[in-house]
Amino acid sequence: MLRWMFLLVAATVHISGFAATFVIHQFAFEQRSFDDIQEELNARIDQTAPSAQSIDAQVALASLYVQYERPELLFAVVTAIEQYESYQDKPLYQALNYFFRGVGYHLQHDYEAAEVSYSAGLAIIESSEINYPNGSLYLTTIFEIYQAANATFLQEYSDSVAALTALKNIADQNEWRFLSALSLYWLGDVNYELKHYEQAETYFKQAKTQFPNDASLYIARSTMREAQMTNIVGERAEAFSLLNQAMVQLEQSGDVVSLAYAYLLQSYFHDKNLDHDLALAWIAKSVALRESLGVDADIANAYVHYSAILGRNGDNEQARSYAKKAADLVEGTQDLTGQWDAFHNYANQLYTSGDYKRAYEYMLRSERALLAKARLDITEETARLLNQFSFQQQSLENQFLDEKARLLQTQLAQEQQMKSRQTVTIVALSVFAVVVLMLLILIYRLYLNNKKLAVQDPLTLLSNRREILARGEHAFAMCQRYKQAMCVLMIDIDKFKAINDNHGHDVGDKALILAANALKSVLRNTDSIGRVGGEEFLVILPHCTQDKAEALVNRIFTALGDAVASSDLPISNMTISVGLSMLTSTSTNFIELAKLADQALFKAKEQGRNQMQIYGQVDD
Ligand SMILES: Nc1nc2c(ncn2[C@@H]2O[C@H](COP(=O)(O)OP(=O)(O)OP(=O)(O)O)[C@@H](O)[C@H]2O)c(=O)[nH]1
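What counts and what doesn't
- Think of each chain on its own: its residues are numbered from 1, step by step along the sequence as written.
- Only residues with pLDDT of at least 70 get local features here, since the model is predicted, and only at 80 or more are side-chain atom pairs given and counted; chain-wide, interface and lining totals rely on the full set of residues.
- For side-chain calculations, the full set of non-hydrogen atoms in the structure is used, while hydrogens and water are omitted.
- Using only the protein atoms, space was sampled on a 1 Å grid; points where a 1.4 Å probe fits but cannot get out form cavities, open sets with protein on both sides within 12 Å along at least five of seven lines form pockets, and lining residues are those with an atom within 4 Å of a point.
- Grid points are joined across faces, edges and corners, and a volume is the space filled by probe spheres set on the points.
- Working definition: helices are DSSP H or I runs of at least four residues, strands are E runs of at least two. Numbering for both runs from the N terminus.
- For this analysis, a nonpolar core means a set of buried residues of the types Ala, Val, Leu, Ile, Met, Phe, Trp, Tyr and Cys, connected via side-chain atoms within 4.5 Å.
- Only protein chains enter the accessibility calculation, which uses a 1.4 Å probe; a residue is then buried when its area is under 20% of its type maximum, exposed when over 50%, and partly exposed in between.
- We define a salt bridge as a contact between a side-chain nitrogen of Lys or Arg and a carboxyl oxygen of Asp or Glu at a distance within 4 Å.
- Here, axes are lines fitted to C-alpha atoms. For helices the fit covers the stretch in contact, and angles between N-to-C directions go from 0 to 180 degrees.
- In this scheme, roughly parallel covers angles under 35 degrees and roughly antiparallel covers those over 145, while 65 to 115 is roughly perpendicular and the rest are oblique.
- Should the near helix be turned counterclockwise from the far one by less than a right angle, the crossing is left-handed, whereas a clockwise turn marks it as right-handed.
- The criterion used for residue contact is that any of the two residues' heavy atoms lie within 4.5 Å.
- When residue character is reported, Ala, Val, Leu, Ile, Met, Phe, Trp, Tyr, Cys and Pro are called nonpolar, Asp, Glu, Lys and Arg charged, and the others, Gly included, polar.

Please explain empty space enclosed by the protein as it appears in this structure.
Space left empty within the atom packing is revealed by a probe, the size of a water molecule, rolled over the atoms. Taken as a whole, this structure holds four cavities of 30 Å³ or more when the rule is applied. Considering only enclosed or pocket space, the largest cavity measures out at about 80 Å³ in volume. Residue lining of the largest cavity: twelve residues in total, with E69, V257, L293, V295 and D298 positioned closest to the centre. Elements with a contribution of two residues or more to the lining of the largest cavity: α4 (71–83), α14 (256–272) and α15 (276–293).

Here it is in structure tokens:
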């Protein structure tokens, strides 16, 4: 029972050790001892009247006490600094003093007051122009590291881990090796509080390596904490070896606070080895040293261990006496772990001595402290879970929004694709429509051309045989019906073969065109002319009497003669023979009239050409 109790007590040993380093770390790499540095600084303060130099010496002294974790000395210096006139208009001093107070309160286990002080110090840095080596971010980072370390003891474990991790990153980015190591050290401490001893051991090991080589005091403290973890999760021999290494350096530096803790660990390790005499001797040393330092919670912590070992060695009276002292000391502190340890231990001692009533009373008190701590731990855990939940909710929401954005983008892309497809289709349709239209125009033109070709002689552009016969039929029907006069001329170029033979076919063609134009030029709009043979033309003259037709033929002779004369064709003369027929009461159709005109033409040829013959005159 007792052995089990000691194990619990030892496992929750409260590290009062606050691995302090002054904000500008002027003593972190100092190889002189605490006493030597203190002596020198006090001499500087005593020698100078209150001045800029002496306030700096006071600040340096405060930083020394911070680094060596001496709250009992620190507060007096903090008050002294505030008395200087220059303090009032120096935001740097004010910020530093809040920092010193914060460390002081923390070391006295007044964690809430420490938090208030750190926040006040940070507020001053934020609102003032502070000229500080490495920049104000460096100063802020130091304050925040201490603040995060303090948060652990306010049960804000996850905040503490998150802040220390972030601060370590800042330190790494800026290559602030010392601050990076300090963050690792405190990450080790949070994990120790959370009973993650293996994790804690890793962090302390990393801190030990990360601290610059000449920061020997900090390396020693990291080694001591590593030893404490190794004793729990590793080999005890290794733990002793590490602890002894650390103690050599701590003694050299004069770090009595850490030494008191190291003695306590020595006692604990020996006790685990069942070496009760050595365990008793080391815990007595720790008690004596802590009594001399005067921090109640730390003294109480040593008394609890002392009492447990005394009890185990059979000195029940002494054991009960130290147990009571411890219980009385923790009474007014905020140190719930310390209260639980001390009350629990005292209850055990009272139980051993048969004082069951008081044993019960202290057991209740112990449980109350434990419940209070558990409640705070649960609150912290609840807050952590809530944070985690809202973070997960947030990331789900983000995922949802991302998905929505992705869908919208896909939709947009599809719409754009559809639009471009539509555009392509419209363009294709338009091109198709234009092509179709052009084809239609082409077809229409071809149709018109064909239509023209169907009715037109391609050489002379006069009506062809079929067309002129159709027109003739129409004119015949009209004139016959309305009893109108109508004449028909059959015209043939004389000796045309000779033109072809003498001048070639091309000239023959041009001569045909010339003759056609000359004939056409003297006709009326209502007259029609067509080419019915090689060099033979048929002329229809509706509403035309014989006299008028004869007059017209004369004009034709003249026009042709003029045309030939004025042309540049190599022919000097081109004549025609003309046969004329007329509509009579016995006429039956147009073909008959055309044949009669042809007969008259034949006669004209016979009579010697270059003349007109009228059908039905003389001997027809
Ligand atoms: N250059 C050319 N010659 C044509 C065309 N059509 C017919 N001819 C020619 O016209 C000539 C007609 O000759 P013929 O029928 O013997 O009559 P002609 O020489 O005019 O004599 P007559 O009618 O008796 O005065 C032929 O040699 C045909 O080859 C044509 O479109 N172009």
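Could you clarify how one ought to interpret the nonpolar core in this entry?
Generally speaking, a soluble globular protein has its nonpolar side chains buried in company with each other. Formed by 89 residues in total, the largest nonpolar core has its most connected members in F99, F100, L179 and L182. Here this core takes ten residues from helix α10 (residues 177–193), the largest share from any one element. In terms of nonpolar packing, the next biggest core, distinct from the first, is built from 38 residues, F496, L523, V539 and C544 among them.

Explain the pattern of salt bridges to me, please; I cannot follow it from the model alone.
Pairs can form between side chains of opposite charge once their charged atoms are near each other. For the structure on display, the rule yields 21 salt bridges. In this structure, E226 engages K205 in a salt bridge whose closest nitrogen and oxygen atoms are separated by 3.7 Å. Placement of E226 in helix α12 (residues 216–233) and of K205 in helix α11 (residues 197–210) is noted, with a sequence separation of 21 residues between them. Sharing partners across several salt bridges, the network here consists of R32, E40 and R44.

Looking at this model, I keep getting lost on the layout of surface pockets. Mind explaining?
In this structure, the second largest pocket encloses a volume near 230 Å³. The wall of the second largest pocket is formed by 15 residues, among which F153, Q155, Q334, L336 and L376 lie closest to the centre. Of all the secondary-structure elements, those providing two or more residues to the lining of the second largest pocket are α7 (111–127), α18 (336–352) and α19 (356–455).

I'm lost on the packing of α7 against helix α8 (residues 136–152) in this one. Help?
A pair of packed helices is characterised by two quantities: the angle between their axes and the separation of those axes. Closest axis-to-axis distance for the α7/α8 pair is 10 Å, and the angle between their directions is 165 degrees. Relative to α8, α7 is oriented roughly antiparallel. In the packing of α7 onto α8, the handedness of the crossing is left-handed. Mapping the contact onto sequence places Y111, A114, E115, Y118, S119, G121, L122 and I125 in α7 and S136, L139, T140, F143, E144, Y146, Q147 and N150 in α8. Class assignment of the residues belonging to the contact of α7 with α8 gives a composition of eight nonpolar, six polar and two charged.

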